[in-house]
Amino acid sequence: MKAARAKTPRRPAVKKPSNPSLKDPVGVYCRVRPLSRPDQECCIEVINETTVQIHPPDGYRIFRNGEYRETQYSFKEVFGTLVVQKELFDVVAKPLVEDLIRGKNGLLFTYGVTGSGKTHTMTGSPGDGGLLPRCLDMIFNSIGPFQAKRFVFKLDDKNGVDVQCEVDALLERQKKDAMPVPKTPSGKRQIDPEFADMINVQDHCKVEEVDEDNVYSVFVSYIEIYNNYIYDLLEEAPFEPIKPKWNNCNTPVRNGDFIPPQSKILREDQNHNMYVTGCTEVEVKSTEEAFEVFWRGQKKRRIANTQLNRESSRSHSVFIIKLAQAPLDADGDNVLQEKEQITLSQLSLVDLAGSERTNRTKAEGNRLREAGNINQSLMTLRTCIEVLRENQMYGTNKMVPYRDSKLTHLFKNYFDGEGKVRMIVCVNPKAEDYEESLQVMRFAEMTQEVEVARPVDRPLCGLTPGRRFRNQAFREELSRKLEMRGGPINGETEEQSVSEMFLQNFPPLPSCELLDVNDDQTLPKLIEVLEKRHKLRQMLSEEFAKNVLAFKTMLQDFDSSIVSKENYIQGKLSEKEKTIAGQKMELERLEKKIKTLEYKIEILEKTATIYEEDKRNLQQELESKSQKLQRQASDKRRLEARLQGMVAETTMKWEKECERRVAAKQLEMQNKLWVKDEKLKQLKAIVTEPKNEKPERPSRERDREKPVQRSVSPSPAPNAPPVRLRHRRSRSAGERWVDHKPPSNLPTETVMQPHVPHAITVAAASEKALAKCDKYMLTHQELASDGEIETKLIKGDVFKTRGGGQAVQFTEIETLKQESPTGRKRRSSPSNPDPPEDAADSEWTDVETRCSVAVEMRAGSALGPGYQHHAQPKRRKP
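Let me sum up the structure you'll find in this document. Every chain's residues receive numbers from 1 upward, in the order its sequence appears when written. Totals for whole chains, interfaces and linings use all residues, but because this is a predicted model, local features are given only for residues with pLDDT of at least 70 and pairs of side-chain atoms are given and counted only at 80 or more. To get the side-chain values, all heavy atoms of the structure are used, and hydrogens and water are removed first.

1. A few points about the sheet that holds strand 6 (residues 71-74)
Convention followed: In short, DSSP must find at least two bridges between two strands for them to pair. Strands are runs of DSSP state E lasting at least two residues, helices are runs of H or I lasting at least four, and both sets are numbered from the N terminus onward. Think of each axis as a best-fit line through the C-alpha atoms, taken over the contacting stretch in the case of a helix, with angles from 0 to 180 degrees between the N-to-C directions.
Strand order in the open sheet made by the 3 strands is 4-5-6, with antiparallel pairing throughout. Two strands lie at the open edges of the sheet, namely strand 4 (44-46) and strand 6, each paired on one side alone. Averaged over all pairs of adjacent strands, the angle between strand axes in this sheet comes to 25 degrees, irrespective of strand direction. Judged from the 3 bridges that link them, strand 4 and strand 5 (residues 51-54) form a sheet pairing that is antiparallel. Across the sheet, the residue bridging to Val46 is Val52, located in strand 5.

2. Let's talk about the packing of helix 3 (residues 131-143) against helix 5 (residues 287-298)
Counted only if it meets this: Here the word oblique covers every angle except those under 35 degrees (roughly parallel), over 145 (roughly antiparallel) and from 65 to 115 (roughly perpendicular). For a crossing to be left-handed, the near helix must be turned anticlockwise from the far one by less than a right angle; the clockwise case is right-handed. Any two residues whose heavy atoms approach within 4.5 Å at even a single point are treated as in contact. The nonpolar class holds Ala, Val, Leu, Ile, Met, Phe, Trp, Tyr, Cys and Pro. Asp, Glu, Lys and Arg form the charged class, and all remaining residues, Gly among them, are polar.
Direction vectors running N to C along helix 3 and helix 5 enclose 150 degrees, while the axes themselves pass 9 Å from each other. By the angle between their directions, the pair helix 3 and helix 5 is classed as roughly antiparallel. Helix 3 and helix 5 meet at a crossing whose hand is right-handed. Facing Leu132, Pro133, Leu136, Asp137 and Phe140 of helix 3, the residues of helix 5 in contact are Thr287, Ala290, Phe291 and Phe294. Looking at the contact of helix 3 with helix 5 residue by residue, the classes come out as 7 nonpolar, 1 polar and 1 charged.

3. A short note on helix 3
The line we're drawing: Every helix has an expected span of 1.5 Å times one less than the residues it contains. Three labels apply to residues, based on accessible area from a 1.4 Å probe with only protein chains included: buried if under 20% of the type maximum, exposed if over 50%, partly exposed otherwise in between.
Spanning 13 residues, helix 3 covers 18 Å between terminal C-alpha atoms, matching the ideal 18 Å at 1.5 Å per step. Within helix 3, 12 of the 13 residues are buried, which leaves it mostly tucked inside the rest of the structure.

4. Thoughts on empty space enclosed by the protein
As a reminder, the rule being used: A pocket here means an open set of points on a 1 Å grid, computed over the protein atoms alone, that has protein on both sides within 12 Å along at least five of seven lines. A cavity is instead a set of points where a 1.4 Å probe fits but cannot get out; residues with an atom within 4 Å of a point line either one. Grid points are joined across faces, edges and corners, and a volume is the space filled by probe spheres set on the points.
According to the stated counting rule, one finds 4 cavities of 30 Å³ or more in the structure shown. Counted as a void, the largest cavity has a volume near 120 Å³. Along the wall of the largest cavity there are 13 residues; nearest its centre are Leu381, Leu407, Thr408, Phe411 and Phe415. Of all the secondary structure elements, the ones that give two or more residues to the lining of the largest cavity are strand 8 (106-112), helix 7 (366-394) and helix 8 (406-410). If one sorts the elements of the lining of the largest cavity by residue count, helix 7 sits on top with 4 residues. Split by residue class, the lining of the largest cavity holds 12 nonpolar, 1 polar and no charged.

These figures come from the coordinates and say nothing about function on their own.
What follows is the structure in structure tokens.
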């Protein structure tokens, strides 16, 4: 029959579980080992069941200012120096074994500095087995009566499992029995006394709910990771440690004299689970056999003597327990030959090498290189945990560097996939390990924040439960019925044989036939035989009577002895009862006293708990208030600095504004002063001219020949050409401007109009227009006090803001004024050929009046921004 091939059915092909919300944090536990000497200084103290406190040793200051500070770290549970191995196993490892039998994966590893008790926690010591032998004992106590025969399950080289029929398994067993020297230890061999005390566990712990309709097989393998190489500790090849030469790149030198040891390769199966190719996996059937396989590999593990530990582990060891299980068929006789129903679960027990500082271990040569590789692999583990924590807490998607170390690469599927992960942090409370213990505590606290997907339950097979025991009950009933049918025949045969043996003791009877009347021999012979039989019967009767009498006498003696003994026993019992009654009274008195003391102790404990709680609350309140005061002080300092900056900024702003206003006022006054000076000059020129001479006015004749429309009095000619408007050049004509003219502005229609070349004219300011220019001008109109329209040109610089927008900073204002010429006098028609003298003066004065004084400010002029139009009539002399 063809073997059915199975895969590891823990996860689907996709790495992420179907329900990512079902996640459990990594369970981190702390175990504190006792001090080796009672006079050693201790730096770690157990506060309660979940908290430890670490404080610097004497003469050590953790901060630069010399502050002496204690730090507390919380774990899922803390085990003190008096905790036994069984209590640790019940809390940490027992749930992992239960999940293993239910088809789920688990990972348990010990972490800590050198000499903190990791190997003792995992392996144990003579007379006190650790977690590993207790896990094996619980597994075989649970599945003992349901184990399959050897070679029914057969592991392949791709991290899968095959199930074979009974015939193929029998052939494999016969082939194995025919081998002269078995490679795997037999369960019937004598246990090695070196580790017999470690596996002699009297607890008989087992899983309560084991599927009785399944068959199970256990496979174990043992590997170590040494200098970032993976070695099989169960390999049968002779193991000889090779001391290679190393180059500057920390890799072995490959030459003809040195061949580095062959390292096993890590691969990923089709379910994304990591496994070691070519690793020896041994099928075991008992706790003794499994631990003997482990001990055989333990002897090959690399250990060395350092300053901190006499037997320091120089490699990370991984003991893998694989449990293959498959349901029975409908008859409850054979294993179901369906690969979808086969489950392969795995429990990895990891004993990490301790992190160490080379200046304390005094390591040299190979020990120094080993310590460097150990610390590097532990640092990679820490980095992976940090990246996982950051990705889960902040939603980032950074790549986790699993491949930087063989240790993290091997257990990649536990953190990225499904399974239960638990870590035991072993610490040594001595003061010399303070700095290393502090780093271990920080790493453990960070690991608790990493979450791992919860493993899913395996599917049900769909067959009727209880079929195994029903089949066994049927067989027992059938054998009992067959035995009952053959019982009476055997009893009659035995009874006949006993009677025949009894009759054979009597002499045989001769022939009793009388053939002749004169036969005198037959009767005498018969009489002689009967007499002999009678004598024999009498002898037997006498012997029987003697025996009966002797038996009666013996019974009487026995009865008398029994009576005497009973009397003696009764006396002794009465004495004992009196003693017991006295002791009971004493016990009752002591129990009452114990209850009273316990009540007092309980009251004292409650009082102490209340005081401790009050002390803790007061300490927390004090810390919170001190932190609040510090925050308030820091906020006050920040606010003061901010206010000072705002005051300085406001002061600078107003200083600039005052300077700008003073400068503008000065320019305005200078402008007015200049206009007045011009008027005074013109007035002086008019006053100082002689009155008897009439000035020549050739320009007047030219004006008559070529009439031009004046700004005050337009020509009455209807066909006169329009006057060309003059545009005043702005001071900033060489730059790109945004000319903002609101729709509410009115056209002034003056002779001089503001004009800015290269300008973008808009009705409303927009960010798109501001982004293309570096100057901004807003045209604003308002009604002056004299009733005329006053136009203001508000100018500013455009600059970009930090947010990517545009802002305008106003720098100057130009004012445009206009005056109505309706109040001025106009000369009458020039038809009168002889005007009087005063009329000539009046005509000259009228000409002067009709001339407007225009002041135009050029770009860059020192007189300041703005220009004004003035048309004020001169006063006639009397």
